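Residues per chain, in single letters:
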Amino acid sequence: MRIGIVCPYSFDVPGGVQNHVMDLAEALLGLGHEVSVLAPADEDAALPPYVVSAGRAVPLPYNGSVARIAFGPVSTARVRRWITRGDFDVLHVHEPLTPSLSMLAVLCARGPVVATFHTAMTRSRVLSAAQGVLQILLERLTARIAVSALARKVQVEHMDGGAVEIPNGVAVAKFAGVEPLPGWPGECAPGTGGTLGFLGRFTEPRKGFPILRDAFVALAPHRPGLRLLVAGPGDAEDLYGQFPAELRDRVTFLGMVSEADKPRMLRSLHLYVAPNTGGESFGMILTEALAAGTTVVASDLDAFRRVLDGGRAGRLFPTGDAAALRGALSELLDDAGQRAGLTAAGDQVVANFDWPVVARRVLEVYAAAIEATDGRVMDQEWVGLG
């Protein structure tokens, strides 16, 4: 099958959608399909051989954040040229409601179009000003995929249609069996040591880092070998300033870690802690921690509960409750058998998120979209594209 995949966000800046697109493309290539990915990127950027640059992206405030996107007549021409040259059996666009390449690709497409919706966004100022375009976009989609139950709910309730729920994948082979970072995780004898970990933006309230901090500060005086490993964006002084002076040498900040080092960081922990307070539609980091063979402790959010099979594959604690988190951490650090049981269940659960498994489900949607169009070519000439 000849498959064209469109990413709306720049490959110059790492991100969840970009990683999803690359992993999906590589899984499809591994299954024997022809794949080309179109994405914004600087012309001199180091890109995988299957990625075609659509030119430099520009930052645009969008949906409460800043997205690096590509739009306008030049981008439109490049999208059209890529689609024509590719002669794809199916076009797979990601986040088509973002004003970037995916939106342009939908408007230029002349065959079956599958769209994946990653977020649970229902509206934005850009889309509110372009309701006519929104309706055209939705009508031209042959099939829709949502990566979470919440994203699917938005499709049903706000976007006049359903979607097949297919979760984000994780490249299990990249995480399994990797070596931990030098000197980690250390000993975890009952009542003494243990290593906790957190990966994310510790300054973002919904990530819940203060809940983990409070639990760590309460536990540390009673466990002299307890350590905390933190990775992600942010300033080291801002992180260390949150802890009493006598505990700062037991906190290690790695800063941003590469995709290659992320599995090693997760493998360096006895417990990965996800203290998030809300706003999560899936829980990608949980699947990555499970793939690395690390026991997970997570707040009892619906998205996390789904990933952890209701608590069978990881320990859940009441969201926002630092005291409950402290109790869960203490219990698990002192019980290697319980950690092993959760890890074993995690191995079973994460197998369902392995990219080859997920990619085969995506291929089923492609086949259904191709069958639905029955070889018909759609009239996709839209005067507004320049």
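Whatever comes next refers back to the structure up there.
No experiment lies behind these values; they were computed from the predicted model shown. (Residues numbered from 1 in each chain as written. Predicted model: local features only at pLDDT ≥ 70, side-chain atom pairs only at ≥ 80, totals over all residues. Heavy atoms only, no water.)

Asker: Looking at this structure, I do not really get the overall build of the chain. What am I missing?
Answerer: Each helix and strand in the chain was counted, giving 15 helices and 15 strands. Per-residue burial for the chain yields a buried fraction of 52% across its 386 residues. A fraction of 70% describes how many contacts in the chain between residues 6 or more apart in sequence connect residues 24 or more apart. Just so you have it, the chain exposes about 16,400 Å², and 52% of that area is on carbon and sulfur atoms. (Helix = DSSP H or I, 4+ residues; strand = E, 2+ residues; numbered from the N terminus. Buried < 20%, exposed > 50% of the residue type's maximum accessible area, 1.4 Å probe, protein only. Contact = heavy atoms within 4.5 Å. Areas by Shrake-Rupley, 256 points an atom, 1.4 Å probe, with all protein chains shown as cover.)

Asker: It is not clear to me how the environment of Pro73 should be interpreted in this structure. Could you clarify?
Answerer: With respect to the helices and strands, the residue Pro73 is situated in helix H2 (residues 73-86). Note on Pro73: relative accessible area 57%, which makes it exposed. Distance in space between the C-alpha atoms of Pro73 and Leu104 is 9.8 Å, their sequence separation being 31 residues.

Asker: Which parts of the structure should I look at to understand the sheet that holds strand E10 (residues 193-199)?
Answerer: Hydrogen bonds between backbone atoms are what pair the strands of a sheet, whose relative direction is either parallel or antiparallel. Taking strand neighbours across the sheet as the criterion, the six strands line up as E12-E11-E10-E13-E14-E15 in an open arrangement whose pairing is parallel. Looking at which strands have only one partner, the edges of the open sheet turn out to be strand E12 (251-253) and strand E15 (315-317). In this sheet, adjacent strand axes meet at a mean angle of 20 degrees when their direction is disregarded. Bridge count for strand E11 (residues 225-231) against E12 is three bridges, and the pairing is parallel. Each residue of the ladder has a partner; that of Val230, found in E12, is Phe253. (Pairing = 2+ DSSP bridges. Axes fitted to C-alpha atoms, helices over the stretch in contact; angles between N-to-C directions.)

Asker: Could you clarify how one ought to interpret helix H14 (residues 336-351) in this entry?
Answerer: The α-helix winds at 3.6 residues per turn, so residues separated by three or four positions along the chain end up facing the same way. Between the first and last C-alpha of H14 there are 23 Å, a value that for 16 residues agrees with the 22 Å anticipated at 1.5 Å per step. What H14 keeps buried is the set Arg339, Leu342, Thr343, Ala345, Gly346, Val349 and Val350. Taking the backbone nitrogen of Gly337 as reference, a side-chain oxygen 3.2 Å away marks Asp335 as the first, capping residue of H14. (Expected span 1.5 Å × (residues − 1). Polar contact = N/O pair within 3.5 Å; in protein donor to acceptor, adjacent residues only side chain to side chain.)

Asker: Explain the sheet that holds strand E3 (residues 51-53) here, please?
Answerer: If you walk across this open sheet you meet the seven strands as E3-E2-E1-E6-E7-E8-E9, and the pairing is parallel. Looking along the sheet, the strands with just one partner apiece sit at the ends: E3 and strand E9 (164-165). Where strand E8 (residues 143-146) and E9 come together, two bridges link them in parallel fashion. Bridge pairing in E9 places Ile145 opposite Val164.

Asker: Whenever I open this one, the environment of Lys174 confuses me. Can you help?
Answerer: Along the polypeptide, Lys174 turns up in helix H7 (residues 172-175). Lys174 sits in the partly exposed class, given a relative accessible area of 46%. It is 9.8 Å that separates the C-alpha atoms of Lys174 and Lys262, two residues lying 88 residues apart in sequence. Once residues lying within four places of it in the same chain are set aside, the contact partners of Lys174 are Asp23, Glu26 and Pro263.

Asker: So what exactly am I meant to see when it comes to the packing of helix H11 (residues 284-291) against H14 here?
Answerer: For any two helices packed against each other, the geometry is given by the interaxial angle and the distance between the axes. In contact at an axis separation of 9 Å, H11 and H14 are set at 120 degrees when each is read in the N-to-C sense. As the angle between them shows, H11 and H14 are arranged oblique. The two elements H11 and H14 cross, and the hand of that crossing is left-handed. When H11 is examined against H14, the residues Thr287, Leu290 and Ala291 are found in contact with a partner set consisting of Gly346, Asp347, Val349 and Val350. Within the contact of H11 with H14, the residues separate by chemical class into four nonpolar, two polar and one charged. (Parallel < 35°, antiparallel > 145°, perpendicular 65-115°, else oblique. Left-handed = near helix turned anticlockwise from the far one by under 90°. Nonpolar A, V, L, I, M, F, W, Y, C, P; charged D, E, K, R; others polar.)

Asker: Could you clarify how one ought to interpret the nonpolar core in this entry?
Answerer: Soluble globular proteins: nonpolar side chains tend toward being buried together. Counting residues in hydrophobic clusters, the biggest one holds 32 residues, and the most contacted among them are Leu266, Tyr272, Leu286, Ala298 and Leu308. Elements with a contribution of two residues or more to this core: H7, E11, helix H10 (262-267), strand E13 (271-274), H11, strand E14 (295-299), helix H12 (302-307) and H14. Here this core takes five residues from H11, the largest share from any one element. With sequence-adjacent residues up to four places away left out, Tyr272 is seen in contact with Gly197, Phe198, Leu199, Leu266, Ile285, Leu286, Ala289, Thr294, Thr295, Val296 and Val297. One finds Ile5, Val21, Ala143 and Val358 within the second-largest nonpolar core, a separate group that totals 31 residues. (Core = buried A, V, L, I, M, F, W, Y, C linked by side-chain atoms within 4.5 Å.)

Asker: Where do I start with the packing of aromatic side chains in this structure?
Answerer: Tallied over the full model, the rule gives seven aromatic pairs. Ring centres of Phe198 and Phe209 lie 5.0 Å apart, and the angle between their planes is 65 degrees; on these two criteria the pair is classed as edge-to-face. You can see Phe198 sitting in strand E10 and its partner Phe209 sitting in helix H8 (residues 209-219), a full 11 residues away along the chain. Aromatic side chains Phe209 and Phe243 sit 6.2 Å apart centroid to centroid with 75 degrees between the ring planes, which places their arrangement in the edge-to-face category. On the criterion of sequence distance, the pair formed by Phe209 in helix H8 and Phe243 in the loop between helix H9 (236-240) and E12 is long-range, its members being 34 residues apart. Of the two residues, Phe209 and Phe243, neither departs from the other in class, the shared state being buried. (Phe/Tyr/Trp six-rings, centres within 6.5 Å; stacked < 30°, edge-to-face > 60°.)

Asker: Quick question: what am I supposed to make of helix H13 (residues 322-333) here?
Answerer: The end-to-end C-alpha distance of H13, which contains 12 residues, comes to 16 Å, matching closely the 16 Å that a straight helix rising 1.5 Å per residue would cover. Among all positions of H13, only Ala322, Leu325, Ala328, Leu329, Leu332 and Leu333 are buried. Around the axis of H13, the buried residues are gathered within 120 degrees of arc, so they sit on the same side. Its side-chain oxygen at 3.2 Å from the backbone nitrogen of Ala323, Asp321 defines the N-terminal cap of H13. (Arc of directions from axis to C-beta.)

Asker: Help me understand the environment of Lys207, please; the structure alone is not making it clear to me.
Answerer: For Lys207, the location among the structural elements is in the loop between E10 and H8. With relative accessibility at 17%, the residue Lys207 sits in the buried group. Sequence separation between Lys207 and Thr277 is 70 residues; the distance between their C-alpha atoms is 6.3 Å. In this structure, Lys207 is in contact with Phe198, Arg201, Pro275, Asn276 and Glu280, ignoring residues within four places of it in sequence. There is a polar contact of 3.3 Å between the side chain of Lys207 and the side chain of Glu280.

Treat this as a map of the structure, not an account of what it does.
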